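Chains, contacts and geometry: an overview
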There are 2 protein chains.
Amino acid sequence: MDVVSALKKLKDNGYKHTDKREDMLTLFSEEKRYLSAKEVLENLQDEYPGLSFDTIYRNLSLFEELEILEVTELNGEKRFRFSCETNHHHHHLICLQCGKTKHIDVCPMEDITLKASDFNVTGHKFEVYGYCSACQ
Amino acid sequence: MDVVSALKKLKDNGYKHTDKREDMLTLFSEEKRYLSAKEVLENLQDEYPGLSFDTIYRNLSLFEELEILEVTELNGEKRFRFSCETNHHHHHLICLQCGKTKHIDVCPMEDITLKASDFNVTGHKFEVYGYCSACQ
DNA sequence: ACATTAAATCGTAATCATTCTTAATAAAAA
DNA sequence: TTTTTATTAAGAATGATTACGATTTAATGT
C-alpha cells in the first residue's frame, strides 16, 4: 500500500480527497509502524491547529474499511498501520515501545481450522510482542 | 485451577477471604469461559444488591496477578476466565458469542523466537475466534 | 469473646479512548 | 458559479476502567 493507490481507492469508492486525509496517509507511509489515534492527531496538529479527534477516528475507520490500514488492539487502545504491500498472508512481530513491526511468514492456522470441525472459525490473531533492536 | 486452591492461594499471599471473592471464584469455576466484568457484576448483584464495580475490577486484577484468572481483550473489553488446570502451554478457540473456549495444543511460537534474533520477544498472542457448536 | 489493625468495600467521581450530534465548511458535480 | 453532498469542528455523550475518601469487615492477638 502507498499513498497514491490509497488516494485512488478513496476516489474509486466515492470518497473525497482532502488535505487531512492525504496527510494522514503520508504519515502512515513514512512511519511503517503501528500508530495510535492520539499519535496521528499529534502529528497533524501543527499543520491543522483545530484538528478534531472525530476527524482522525472517522478517517481511521474509513481507511480500515477500505483495507488501506490494518488495526490491532494493545492495552485497550487501537493501533493502525499501513497495510502491507504483500498479498501473502502473514503476521507480525510488534515492538511494544515504538510499534515497529517485522513480518512472520509462518502461519499457525493451517491445521487448526480442520481440527476444529465443530467450531465455526471466522478469524484469528497471532501476534508476537517484544522490543525491536532500536528500543532494547 | 479450582475454587479451593484459588482460595488457598489468596490466603497464602496474605489476602483475606470474603464471601464476594469466593462467589466470584465459584462463578468462574461453574462457567468455564471468558466473562466480562459486567457479566460478573450482573451475576453477583442478586446476592449483593449494592455491589460496586470497583470491587469486581479490583478482584479481577488481583486474581489475574495471582494467576487464578487469565485475561484476553476483545472489542475493547477485557474478559477473564479460570486459568486452565493443565501446566501445558496452549492456546484457545474462543466463541465470539458466549466466550466458551476449546484448547489448541499446537503452539506457533517454537521457531519464531529463534528466527527473530534482533527482536527481543517478551510475549505473544495466538487466539482463534468463531462460534462454538451451541452458538452457530 | 472483644478490641485492634489492616484490608476490603461502597458510592461516586474521575479518566481515557472512542463515538455521536449538530451546525458550519469545503470538495465535487452540474 | 451554484448546488449537492461529504467532510469537518467543537463539544457532549458513552462505555469501560480506575481512583478516592469514608465506612465496614475479616483476621489476629489478648
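Above: the structure in question.
Residues numbered from 1 in each chain as written. Chains lettered and ligands numbered in written order. Predicted model: local features only at pLDDT ≥ 70, side-chain atom pairs only at ≥ 80, totals over all residues. Heavy atoms only, no water.

**Focus on helix α1 (residues 3-12) of chain A**
All names here are of chain A.
- Residues of α1 that are buried: Val3, Ala6, Leu7 and Leu10. For α1, the buried positions fall inside an angular range of 100 degrees around the axis, keeping them on one side. With respect to the buried face of α1, the exposed residues turned more than 90 degrees away are Val4, Lys8 and Asp12.
- Tucked inside the fold, the buried residues of α1 contact α2 (19-30), α4 (53-65) and β3 (77-82).
- One or two positions beyond α1, positive phi appears at Gly14, with a value near 85 degrees. (Buried < 20%, exposed > 50% of the residue type's maximum accessible area, 1.4 Å probe, protein only. Helix = DSSP H or I, 4+ residues; strand = E, 2+ residues; numbered from the N terminus. Arc of directions from axis to C-beta. Contact = heavy atoms within 4.5 Å.)

**Quick notes on the sheet that holds β3 of chain A**
All names here are of chain A.
- With antiparallel pairing, the three strands of this open sheet are ordered in space as β1-β3-β2. In the strand order of this sheet, the two ends are held by β1 (35-36) and β2 (69-74), each with one partner.
- Those strands touched by α2 are β1, β2 and β3, and its axis lies near 80 degrees from that of β3. (Pairing = 2+ DSSP bridges. Axes fitted to C-alpha atoms, helices over the stretch in contact; angles between N-to-C directions.)

**Focus on the sheet that holds strand β5 (residues 101-104) of chain A**
- The mixed open sheet is built from six strands, whose spatial order is β5(A)-β4(A)-β6(A)-β6(B)-β4(B)-β5(B). Among the strands making up the open sheet, the edge pair consists of β5 of chain A together with β5 (101-104) of chain B. On average, adjacent strands in this sheet sit at an angle of 25 degrees to one another, irrespective of strand direction.
- Relative to strand β6 (residues 120-131) of chain A, strand β4 (residues 91-95) of chain A is paired through four bridges, and the arrangement is parallel.

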